[in-house]
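Summary of structural features
Spelled out, the chains give:
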Amino acid sequence: MPASSSDRTVMPAGHYRLVIFDCDGTLVDSQHNIIAAMQSAFDQFGRPLPTPEAVRRQVGLSLEIAITRLLPAEEQSAADEIVEAYRVIVRALRSGGGIAEPLYDGIRDLILSLDHPEMFLGVATGKNLVGLEHTLALHGLRERFHTLQTADRALSKPHPDMVLRAMAETACEPQETVMIGDTSFDIEMARAAGVTAIGVAWGYHPAEELTAAGAHHVLKSPAELIGCLQSLSANR
């Protein structure tokens, strides 16, 4: 629940003022849409279909980089066509109401619990801005977020650009910022930006990979986040 008027001076996340979330695999489970659209795009050009696991491994990267990584070296010339086909497929699904991106259990309560006048929430995602706006609006959460960083407006993960832009937009320092995500790309981006890196175990990369990438902690459920941040704050 949002903070009550009697405890609005208490920061729910310790000293952290900017909490940045990844979207796909962290806030919402969008893998089925992504896999279906990616396989359809590859099929249009007669390319072997990437496996679901291979597609999940690329979630979080910009679309251009993800498709390049899914194509064999000798077929890189097809990347631009497949990128555009994927975008057309996703636009059609979105306009027809065919996108299913359910929030993970506990995410809505977590977002509401972080409501505080001195805190900022952000998203850093491989989605484009239109897709992210659609997802957040669909779940009635758009107004909860103060900064949106997307792959069509910033450099792709794991470059720190998205996190640096989010900090600049909210006037927050690295020691006040935490990045939360389900992939090693998220963790690497956070570490490159000098901010706290928190992994989540319910997404698309195994927890051990997040730890190996440098995660300060890996959450088993959204309900653990606030306690984790308070503990990290107390131990600084």
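These remarks concern the structure in this document. Treat the numbers as computed from the prediction; the structure is a model and nothing was measured. (Residues numbered from 1 in each chain as written. Predicted model: local features only at pLDDT ≥ 70, side-chain atom pairs only at ≥ 80, totals over all residues. Heavy atoms only, no water.)

Tallied over the full model, the rule gives 13 salt bridges. The closest approach of N and O atoms between E53 and R56, which form a salt bridge, is 3.3 Å. With a gap of three residues between them, E53 and R56 both fall in helix α2 (residues 52-58), about one helical turn apart. Its salt-bridge partner being R57, residue E209 comes within 2.9 Å of it at the nearest N-O pair. On the criterion of sequence distance, the pair formed by E209 in helix α9 (residues 207-213) and R57 in helix α2 is long-range, its members being 152 residues apart. Through salt bridges with shared partners, a single network forms among D22, K157 and D186. (Salt bridge = Lys/Arg side-chain N within 4 Å of Asp/Glu carboxyl O. Helix = DSSP H or I, 4+ residues; strand = E, 2+ residues; numbered from the N terminus.)

As a further point, take the layout of surface pockets. Space inside the largest pocket adds up to approximately 570 Å³. Around the largest pocket sit 31 residues that line it, and L63, Y86, G126, K127 and N128 are the ones nearest its centre. Elements with a contribution of two residues or more to the lining of the largest pocket: α1 (31-44), α2, α3 (63-70), α4 (79-95) and α6 (129-138). It is α4 that provides the largest number of residues to the lining of the largest pocket, a total of five residues. The class makeup of the residues in the lining of the largest pocket is 14 nonpolar, nine polar and eight charged. (1 Å grid on protein atoms, 1.4 Å probe; cavity = no way out; pocket = protein on both sides within 12 Å on 5 of 7 lines; lining within 4 Å. Points joined across faces, edges and corners; volume = space filled by probe spheres on them. Nonpolar A, V, L, I, M, F, W, Y, C, P; charged D, E, K, R; others polar.)

Any functional reading would require information beyond the geometric quantities listed.
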